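Residue-level listing of the chains:
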Amino acid sequence: QVQLVESGGGLVQTGGSLRLSCAVSGDTFSRYRMGWFRQAPGTERTFVAAISKIGGVTTYADSVKGRFAISRDNARKLVYLQMNRLKPEDTAVYYCAATTKVGLSFDYWGQGTQVTVSS
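Residues numbered from 1 in each chain as written. Predicted model: local features only at pLDDT ≥ 70, side-chain atom pairs only at ≥ 80, totals over all residues. Heavy atoms only, no water.

Asks: Explain the overall build of the chain to me, please; I cannot follow it from the model alone.
Replies: Summing up its helical and strand segments, the chain has 0 helices and 11 strands in all. Here the C-alpha radius of gyration of the chain, 13 Å, is about what a compact globule of 119 residues would show, namely 14 Å. C-alpha atoms of the chain, sized along the principal axes, occupy 40 × 25 × 25 Å. Per-residue burial for the chain yields a buried fraction of 44% across its 119 residues. By sequence separation, contacts in the chain at least 24 residues apart represent 55% of the contacts at least 6 residues apart. When the accessible area of the chain is evaluated, it comes to approximately 5,900 Å², of which 50% is carbon and sulfur surface. (Helix = DSSP H or I, 4+ residues; strand = E, 2+ residues; numbered from the N terminus. Rg over C-alpha atoms; globule rule 2.2 N^0.38 Å. Buried < 20%, exposed > 50% of the residue type's maximum accessible area, 1.4 Å probe, protein only. Contact = heavy atoms within 4.5 Å. Areas by Shrake-Rupley, 256 points an atom, 1.4 Å probe, with all protein chains shown as cover.)

Asks: I keep staring at the pattern of salt bridges and nothing clicks. Help me out?
Replies: One side chain can pair with another of opposite charge once the charged atoms of both are near each other. Counted by the stated rule, this structure contains 5 salt bridges. Notably, a salt bridge pairs aspartate 27 with arginine 31, separated by 2.3 Å at the nearest N-O pair. For arginine 31, a relative accessible area of 40% corresponds to the partly exposed category. Residues joined in a network through salt bridges with shared partners are Arg38, Arg67 and Asp90. (Salt bridge = Lys/Arg side-chain N within 4 Å of Asp/Glu carboxyl O.)

Asks: I tried to follow the nonpolar core on my own but got confused; where do I start?
Replies: Within soluble globular proteins, side chains that are nonpolar generally end up buried alongside one another. Ranked by internal contacts, the top residues of the largest apolar core, which has 34 residues, are Met34, Trp36, Leu81, Met83 and Tyr94. Within the residue set of this core, elements represented by two or more residues are strand 1 (2-7), strand 3 (18-26), strand 4 (33-39), strand 5 (46-51), strand 7 (68-73), strand 8 (78-83), strand 9 (92-99) and strand 11 (113-118). Sequence-distant contacts of methionine 83, defined by excluding residues within four places in its chain, comprise Gly16, Ser17, Leu18, Leu20, Arg67, Phe68, Tyr94 and Val115. (Core = buried A, V, L, I, M, F, W, Y, C linked by side-chain atoms within 4.5 Å.)

Asks: Just checking my understanding: could you explain the state of the cysteines for this structure?
Replies: As used in these notes, a disulfide is a covalent bond between sulfur atoms, one from each of two cysteines. The tally for this structure, following the rule as stated, stands at 1 disulfide. The residue that forms a disulfide with cysteine 22 is cysteine 96, at a sulfur-sulfur distance of 2.1 Å. What sets the handedness of the cysteine 22 and cysteine 96 disulfide is the S-S torsion sign, and at about -85 degrees it is left-handed. Of this pair, cysteine 22 sits in strand 3 while cysteine 96 sits in strand 9, and the two are 74 residues apart along the sequence. (Disulfide = S-S within 2.5 Å.)

Asks: What should I look at first to understand unusual backbone geometry in this one?
Replies: Trans peptide bonds make up most of the peptide bonds, and negative phi angles are found at most residues other than glycine. A positive phi is found at lysine 77, a non-glycine position, where the angle reads about 60 degrees. Tracing the backbone shows lysine 77 in the loop between strand 7 and strand 8. The partly exposed category is assigned to lysine 77, whose relative accessible area is 25%. Phi is positive for arginine 85, close to 50 degrees, though the residue is something other than glycine. Structurally, arginine 85 is set in the loop between strand 8 and strand 9.

Geometry only, nothing functional implied.
In structure tokens:
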């Protein structure tokens, strides 16, 4: 199993950028597909982006395509979410997740980091 710790959240104005990081410890990092999810107050947690074990395949929610980019550094055991052209509706707690499975069933979760976009 793995342990995940997110960082990089904060307050940013509309149109600004943030980069979230997720540090992974425990099991062999390259065994895991990695993803980012988010949860706004009063809503369910939703998928944002995912990246394959080696990093060659990425998937995005329609709401963030063209603005967000997920990447990973297997040597440093880090996953990133670069968020550009942020909108107030991007405000949420962002969670890093890991899985050895296919699809959107993730097994391991970080504690989350708050992103707030002011209008």
